[in-house]
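One letter stands for each residue in the lines below.
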Amino acid sequence: MRYLVFCRMNPNVTLDPDAWQESWDRQQEGYLPDREHRIATMLDAVEATAATERPRLLDLAGGTGTITLRALARFPRAEVTMLDLDPVLLAIAAASLTGRAGIVTADLNSPDWTTVLPHRGYDAVLTATALHWLPADRLATLYAEIHDLLRPGGIFINADYMPDDGLSELTKRLSTQASSRRNARHAAGAALSWRQWWDLVANDPGLAPLAAQRATTYPTGHAAEWNAPRRTAGGRIHRSRDPLARRNRRRSGSRTLNRDRARIAAH
Ligand SMILES: C[S@@+](CC[C@H](N)C(=O)[O-])C[C@H]1O[C@@H](n2cnc3c(N)ncnc32)[C@H](O)[C@@H]1O
């Protein structure tokens, strides 16, 4: 397990969390123009399935806490845990959330990341534009780990670009089209690119020490272009956690997962 030790921010410099939230949102919307709509749809699904007005939610790889903040606005009594590994994004999240959600630092690449969570039995595990950072074989196992964190009837929602295996040529063309539009917007200054946003962080007196720490957390960056194939998800996450169904699955063994792993590894 990798735990992160926070660098203290310069106490003479104040972080304006609202300004950083806004600039993160604008930067992310450059990559996912319907991001707000996707998050709202996730929360619709929580509302439709949660058994209580106080849903227990896990925002996985939550970054600056975007999903957590929207979840708390929609369900003020929700019990939310947000998990990430990035010291900069976690600092912005902590400054925005001011104790209204649990914040956990953990590495999803580590098999024991669930041990640092304060709860089990989540009504929903939500994540957006993050799991494509993980290697394909790790992702298949992670889906199973997430499954075990859900209460019976709980849901997992991953909002991300996922190429449709049956439409590979169309997916490729749409992706090329989206990249070229995005590059034009970045070039014209309509939105900040990922790199430009991180350059601002590195030049911010309050965040710069955390940015330096981040360079050791993610020494090689991430594979931005890899996306989880849709069928990876289809095999594991849309199952209910009905105990009988679970027992039957155990009987059929881990072959499904292993098959999924093999298929994913082939990508
Ligand atoms: C593009 S950001 C998305 C953040 C947030 N979900 C959002 O929509 O704004 C991807 C996030 O995944 C996190 N992440 C990537 N790999 C991770 C890992 N191994 N463990 C924990 N978090 C990870 C990054 O730190 C980053 O916050």
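Everything numeric here is computed off the predicted structure, so don't read it as measured data.

Undergrad: I'd like a description of the pairing of strand β1 (residues 56-60), backed by residues and values.
TA: As a general feature of sheets, a regular strand has side chains that alternate between the two faces. Of all 5 residues making up β1, 5 are buried, and the element is well covered by its neighbours. Of the two faces of β1, the one holding Arg56, Leu58 and Leu60 and the one holding Leu57 and Asp59 are both buried throughout. Note: β1 against strand β2 (residues 79-84), 5 bridges, orientation parallel. Bridge pairing in β2 links arginine 56 to glutamate 79.

Undergrad: Run through the site of the ligand, naming residues and quoting values.
TA: Around the ligand, the surrounding shell holds 16 residues, and the nearest of these are Ala61, Gly63, Asp86, Leu108 and Ala130. Looking at the shell around the ligand, its residues break down into 7 nonpolar, 6 polar and 3 charged.

Undergrad: Tell me what's going on with the nonpolar core, and back it up with residues and numbers.
TA: Ranked by size, the top nonpolar core spans 52 residues in total, and within it Leu57 and Val125 carry the most contacts. Apart from the residues within four sequence positions on either side, valine 125 is in contact with Leu58, Leu60, Ile146, Leu149, Leu150 and Phe156.

Undergrad: Can you tell me about the confidence of the model for the protein chain, naming the residues and giving the values?
TA: Per-residue confidence for the protein chain averages 83 on the pLDDT scale, and 78% of its residues sit at or above 70. Counted against residues more than four places away or in other chains, residues 1-7, with its pLDDT under 50, gives 16 contacts. Across residues 223-267 the pLDDT falls below 50, and counting only partners more than four positions away or on other chains, this stretch makes 58 contacts in the model.

Undergrad: Please provide a residue-by-residue account of the pairing of strand β4 (residues 122-128), values included.
TA: A large share of β4 lies buried, amounting to 7 of its 7 residues. Of the strand pairs in this sheet, β1 and β4 are connected by 3 bridges, and their pairing is parallel. Directly across from aspartate 59, in β4, lies its bridge partner leucine 126. Note: β4 against strand β5 (residues 150-159), 6 bridges, orientation parallel. When the bridges of β5 are listed, leucine 126 appears paired with isoleucine 157. As for the winding sense of the linkage, the β-α-β connection from β4 through helix α5 (residues 136-149) to β5 is right-handed.

Undergrad: Before we move on, can you summarise the packing of helix α4 (residues 87-97) against helix α8 (residues 208-217) with the specific residues and values?
TA: For the pair α4 and α8, interaxial distance at closest approach is 8 Å and the crossing angle is 130°. In terms of their interaxial angle, α4 and α8 are classed as oblique. Residues Pro87, Val88 and Ala91 of α4 form the contact with α8, whose own contacting residues are Leu210, Ala211, Gln213, Arg214 and Thr217. Residues that form the contact of α4 with α8 fall into these classes: 5 nonpolar, 2 polar and 1 charged.

Undergrad: Describe in detail the sheet that holds strand β3 (residues 102-105), supporting the description with residues and values.
TA: Paired through their backbone hydrogen bonds, the strands of a sheet run either parallel or antiparallel. The strand order β3-β2-β1-β4-β5 describes an open sheet built from 5 strands, whose pairing is parallel. Unpaired on one side and paired on the other, β3 and β5 mark the two borders of the sheet. Strand-to-strand twist across the sheet, computed as the mean angle between neighbouring axes with direction ignored, equals 20°. Sitting on the sheet, helix α3 (residues 66-74) touches β1, β2 and β4, and the angle it makes with β2 is about 170°.

Undergrad: Describe in detail unusual backbone geometry, supporting the description with residues and values.
TA: Residues apart from glycine generally show negative phi values, whereas peptide bonds are mostly found in trans. You will see that alanine 61, though not glycine, has its phi angle at about 55°, which is positive. Checked against the element boundaries, alanine 61 lands in the loop between β1 and α3. With 21 C-beta atoms counted inside 10 Å, the residue alanine 61 sits in the buried group. For threonine 129, which is not glycine, the phi dihedral falls at a positive 40°. Here threonine 129 shows up in the loop between β4 and α5. Using a count of 20 C-beta atoms within 10 Å as the deciding quantity, one classes threonine 129 as buried.

Procedures and definitions
- Residues numbered from 1 in each chain as written.
- Predicted model: local features only at pLDDT ≥ 70, side-chain atom pairs only at ≥ 80, totals over all residues.
- Buried ≥ 20, exposed ≤ 12 C-beta atoms within 10 Å, placed from the backbone.
- Helix = DSSP H or I, 4+ residues; strand = E, 2+ residues; numbered from the N terminus.
- Pairing = 2+ DSSP bridges.
- Near = placed C-beta within 6 Å.
- Nonpolar A, V, L, I, M, F, W, Y, C, P; charged D, E, K, R; others polar.
- Core = buried A, V, L, I, M, F, W, Y, C linked by C-beta atoms within 7 Å.
- Contact = placed C-beta atoms within 7 Å.
- pLDDT = per-residue confidence, 0-100.
- Right-handed = clockwise from strand over helix to strand, strands pointing away.
- Axes fitted to C-alpha atoms, helices over the stretch in contact; angles between N-to-C directions.
- Parallel < 35°, antiparallel > 145°, perpendicular 65-115°, else oblique.

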